[in-house]
Amino acid sequence: MEQEEKSLNFIEQIVEKDLAEGKNDGRIQTRFPPEPNGYLHIGHVKAICMDFGIAEKYNGVCNLRFDDTNPVKEDTEYVDSITNDIAWLGFKWGNIYYASDYFEQLYDLAIRFIKEGKAYVDEQTAEQIAEQKGTPTEPGVASPYRDRPIEENLRLFQAMQNGEIEEGKMVLRAKIDMANPNMHFRDPIMYRIITSHPHHRTGHRWNVYPMYDFAHGQSDYFEGVTHSICTLEFVVHRPLYDWFIDQFAEGDYRPHQYEFNRLNITYTVMSKRKMLQLVKEGLVAGWDDPRMPTVCGLRRRGYTASAIREFIDKIGYTKVEGMIDLGLLEHTVRENLKMSAPRVCAIFDPVKLVITNYDAEGETIVAENIDGNPELGTREMRFAKELYIERADFQEEGDKNFYRLSPMGREVRLKSAYIIQATGCEKDADGNITTVYATYDPQSKSGTEGGNRKTKATINWVECNSCIDAEVRLYDRLFAVENPSAEEGDFRELLNPDSLKIVNAKVEGALAGVKPQEHFQFLKQGYFVVDDDSSAEHLIFNRTASLKDNWQK
RNA sequence: UGCUCAAUGGUGUAAUGGUAGCACUACAGAUUCUGGUUCUGUCUGUCUGGGUUCGAGUCCUGGUUGAGCAACCA
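Residue numbers run consecutively from 1 along every chain, following the written order of its sequence. Starting at A for chains and at 1 for ligands, labels are handed out in the order in which the entities are written. Per-residue local features of the predicted model are confined to residues with pLDDT of at least 70, and side-chain atom pairs are confined, for both listing and counting, to 80 or more; whole-chain, interface and lining totals are unaffected and use all residues. Calculation of side-chain values draws on the structure's entire complement of heavy atoms; hydrogens and water are dropped beforehand.

## Here's the deal with the overall build of chain A
Part 1: Looking only at helices and strands, one finds 12 helices and 25 strands in chain A.
Part 2: Here the C-alpha radius of gyration of chain A, 31 Å, is well above what a compact globule of 553 residues would show, namely 24 Å.
Part 3: Overall, the C-alpha framework of chain A stretches about 100 × 60 × 40 Å when taken along its three principal axes.
Part 4: Between buried and exposed lies partly exposed: a residue is buried under 20% and exposed over 50% of the maximum accessible area for its type, with that area taken using a 1.4 Å probe on protein chains only. Expressed as a percentage of its 553 residues, the buried residues of chain A come to 51%.
Part 5: Contact between two residues is taken to exist if any of their heavy atoms lie within 4.5 Å; hydrogens are not considered. Considering only contacts in chain A between residues 6 or more positions apart, those separated by 24 or more positions represent 70%.
Part 6: Working note: accessible area of chain A is about 25900 Å², and carbon and sulfur atoms make up 46% of it.
Part 7: Between the mean site of the 66 positive side-chain charges and the mean site of the 90 negative ones, chain A shows a separation of 2 Å. We count a stretch as a helix when DSSP gives it H or I for four or more residues in a row; a strand needs E for two or more, and each element gets its number in order from the N terminus. With the radius of gyration taken over C-alpha atoms, the globule rule is written as 2.2 Å times the number of residues to the power 0.38. Accessibility throughout is a Shrake-Rupley quantity obtained with a 1.4 Å probe, and a residue counts as covered only by protein chains that appear here. His is not counted here, nor are the chain ends, while Lys and Arg score as positive and Asp and Glu score as negative. To locate a charge, the coordinates of NZ of Lys, CZ of Arg, CG of Asp or CD of Glu are taken.

As structure tokens, this is what we get:
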């Protein structure tokens, strides 16, 4: 069997080139470095697939490293959710590390920088420092503390760590170049004092904490990372990443940073800050609300790990910042569930159908879970004189484009059962249809000789006495506009007011014992998953994705 | 009027100096016991000016457009 060769993305090309040149003795090591300050979302999954994927593909290792350098925002709650989500996605890390594992080493390194005249303690306010930084078009000016004697820097930095200095009063800055066109070289802050919050792992051991730029590259170096892959906004940090490492590294080994485009999807946001706000203000039901682009939200929505990974595989990695059509994500999950989700009938807006010439007590029909795939099993459906059908499947005066039930003589198939013809209907005082009447052809049962006759339409049904009630949550896009981040004003006003509609549906009795995370296709409706809060007493289904609907009025 | 990165159909992505291809979307037709699926077909693209070359989406150069960078965040 010939397999079409998938082209390599630009990072894979770099890795293969490095491998061919024998760099790092052929060793490939990556890391996924989340900050434990929020839940993982599908944008992170893109990074996860890259970091773990490269290691897997080239016989390397990918470690999980929590970038926990800011105790103000971080917590073990997030550590747990992150490891859980990565495992659910099906990835295996080598080790779990923490940037806080290196606080001792980083502190010693900072001391060395001070002793070598490459760092100084600044006691200006944050505002003063920001002002002196200049702008992208104007150079900055030097801090008055820039040329403090080394001994004094040493003493003050130790005082910072000893808790003798109040939070916010002093920082340790690298002495580089206040006029550098790259803003990140204008004496970046290496350490700040944080005494107000204990660290989730080191408690009150430290009063000073390293900044990202002084921690990330060094951590990579300490661990032996070869390819440090991140998103595009870190491109401008790369020279500083290299600079810090070059100040102390020995030998030839260097980790290298590479950057790819982050994921944006239409009709959603990919910002932890905005997600946190939606959760905190109760605009969604939580981090795992099925409308959220979080991993736990997608899972609860009914997305499988393989569907999410297939999606990431489709979108690719480049350096072009773009916006992925939400339709591609939906297409991917439909494709993913198509071959596995059992088909069942669920009636969202029921109207009673009475088959006037059906005199038997009722009968049991055996239906395939997926048409044409008998190996995927069958289920029993109760059939009798009184059924529920979808209100929209009957029109008293159907036009020529409507080819379902109508008392105009056309024959319609009841899915997996008999062919019927509508004879009329009954209405209440307001003119609403309360009952539809039809006759059936006893010879037309599905699977029998007489049932081979073609009908233009097939409609869904459930039997009145055996069907069960279920709450069905119809989820739709979270935002009403394609790109909420591009709009002026408050993003919360852009929320889609119809992102959740709840209906009380009648579903087949066969669904009585379903468990959370079981997937189904409700015929003609879409893919649905059993919600985590569902129980035998109160069934709840979440719509994962609707079916495509080409029937336009 | 700084530095950095980028520019291929509506969207995403390939072509690594040699036939601009794939997927999604849209539209049309066929099939269908889901107006789903499947199958077939159609529409639509190399930002722009110059240069190198037998040959440029690809290399060079000028421009245009977009994005990122001025947190004691990561």
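## Observations regarding the nonpolar core
Part 1: In terms of nonpolar packing, the biggest core is built from 47 residues, with Ile42, Ile86 and Ile312 touching the most fellow members.
Part 2: Those elements that provide at least two residues to this core are helix H1 (10–20), helix H2 (42–57), strand E2 (61–66), helix H3 (76–89), strand E9 (256–260), helix H10 (295–301), helix H11 (305–315) and helix H12 (326–338).
Part 3: Those residues in contact with Ile86 that sit more than four places away from it in its chain are Phe32, Leu40, Ile48, Phe52, Leu64, Phe91 and Trp93.
Part 4: Counting residues in each nonpolar core, the second largest holds 40 residues, with Phe185, Met190, Tyr191 and Ile194 among its members. Definition of nonpolar core: a set of buried residues of the types Ala, Val, Leu, Ile, Met, Phe, Trp, Tyr and Cys, connected through side-chain atoms within 4.5 Å.

## Here we look at H1
Along an α-helix, a turn takes 3.6 residues, which lines up residues three or four apart on a common side.
Part 1: Looking only at H1, the buried set comprises Ile11, Glu12, Val15 and Asp18. The buried residues of H1 occupy one face: seen down the axis, they fall within an arc of 120°. Every exposed residue of H1 that faces more than 90 degrees away from the buried side is listed here: Lys17 and Ala20.
Part 2: If you follow the buried residues of H1, they end up packed against H2, strand E8 (227–231) and E9.
Part 3: Taking the backbone nitrogen of Ile11 as reference, a side-chain oxygen 3.0 Å away marks Asn9 as the first, capping residue of H1. Of all possible arcs, the one meant is that of the directions from the helix axis to the C-beta atoms. Under the rule applied, a polar contact is a pair of N or O atoms within 3.5 Å (in protein, one hydrogen donor and one hydrogen acceptor; residues adjacent in sequence only if both atoms are side-chain atoms).

## Here we look at the packing of helix H4 (residues 103–115) against helix H7 (residues 212–223)
Part 1: Direction vectors running N to C along H4 and H7 enclose 115°, while the axes themselves pass 11 Å from each other. The angle between H4 and H7 falls in the class roughly perpendicular. Remark: the crossing between H4 and H7 carries right-handed chirality. Together, Gln105, Leu106, Leu109, Ala110 and Phe113 of H4 and Phe214, Ala215, Gln218 and Phe222 of H7 make up the contact between the two elements.
Part 2: Looking at the contact of H4 with H7 residue by residue, the class counts come to seven nonpolar, two polar and no charged. Note on method: axes are straight lines fitted to C-alpha atoms, helices fitted across the in-contact stretch only, with angles between N-to-C directions ranging 0 to 180 degrees. Orientation labels follow simple angle bins: below 35 degrees gives roughly parallel, above 145 gives roughly antiparallel, 65 to 115 gives roughly perpendicular, and whatever is left gives oblique. Whether a crossing is left-handed or right-handed is set by the direction in which the near helix is turned from the far one by less than a right angle, anticlockwise for left-handed and clockwise for right-handed. In the scheme used here, Gly and all other residues not listed as nonpolar or charged are polar, with Ala, Val, Leu, Ile, Met, Phe, Trp, Tyr, Cys and Pro taken as nonpolar and Asp, Glu, Lys and Arg as charged.

## Some words on the protein's contact with RNA strand B
Part 1: Around RNA strand B, a shell composed of 65 residues is seen, among which Gln13, Glu321, Ser446, Gln521 and Lys524 lie nearest.
Part 2: Here, proximity means that at least one heavy atom of the residue falls within 4 Å of the molecule or strand. Within 4 Å of the protein, the contacting atoms of RNA strand B are drawn from sugar and phosphate to the extent of 62%.
Part 3: Within the side chain of Lys73, one N or O atom sits 3.1 Å away from a sugar or linking oxygen of RNA strand B.
Part 4: Between RNA strand B and Gln124 there is a distance of 3.1 Å, counted from a base nitrogen to a backbone nitrogen or oxygen.

## Here we look at the packing of aromatic side chains
Part 1: Any pair of Phe, Tyr and Trp rings, taking the six-membered ring for Trp, is counted once the centres come within 6.5 Å. Such a pair is stacked with planes under 30 degrees apart, edge-to-face with planes over 60 apart, and tilted for the rest. Scanning all chains against the criterion turns up 32 aromatic pairs.
Part 2: With a centroid separation of 5.6 Å and an interplanar angle of 75°, the aromatic rings of Phe103 and Tyr209 are classed as edge-to-face. Placement of the pair is Phe103 in helix H4 and Tyr209 in strand E7 (residues 208–210), with a sequence separation of 106 residues. Each member of the pair Phe103 and Tyr209 is classed as buried.
Part 3: Among the aromatic residues, those joined into a cluster by ring pairs are Phe103, Tyr107, Phe113, Phe157, Tyr191, Trp206, Tyr209, Phe214, Trp243 and Phe244.
Part 4: Over a ring means this: the NZ of a Lys or the CZ of an Arg is within 6 Å of the ring centre and within 35 degrees of the ring normal. Above the ring of Trp206, the side-chain terminus of Arg205 is found at 4.0 Å from the ring centroid.
Part 5: We note Arg299 situated over the ring of Trp88; from NZ or CZ to the ring centre the distance is 4.7 Å.

## Comments concerning the pattern of salt bridges
Part 1: Just to be clear on terms, a salt bridge is a Lys or Arg side-chain nitrogen sitting within 4 Å of an Asp or Glu carboxyl oxygen. This model, assessed by the stated rule, comprises 40 salt bridges.
Part 2: In this structure, Lys175 engages Asp147 in a salt bridge whose closest nitrogen and oxygen atoms are separated by 3.2 Å. Placement of the pair is Lys175 in the loop between strand E5 (171–174) and strand E6 (189–193) and Asp147 in the loop between helix H5 (126–132) and helix H6 (150–161), with a sequence separation of 28 residues.
Part 3: Overall, Lys175 belongs to the partly exposed group, its relative accessible area being 26%.
Part 4: By relative accessible area, which is 62% here, Asp147 ends up exposed.
Part 5: Connected through salt bridges with shared partners, the residues Asp288, Arg300, Glu471, Arg473, Asp531 and Asp533 form a single ionic network.

## Here's the deal with the sheet that holds strand E18 (residues 433–440)
Part 1: For two strands to count as paired, DSSP must find a minimum of two bridges between them. As summarised here, the arrangement of the seven strands in space is E19-E16-E17-E18-E12-E15-E20, forming an open sheet in which the pairing is mixed. Only two strands of the sheet have a single partner each, and these edge strands are strand E19 (457–459) and strand E20 (461–463). Neighbour to neighbour, the strand axes of the sheet diverge by 45° on average, direction disregarded.
Part 2: Pairing analysis gives three bridges linking strand E16 (residues 411–414) to E19, with the strands arranged parallel. If you follow Arg413 over to E19, its bridge partner there is Thr458.

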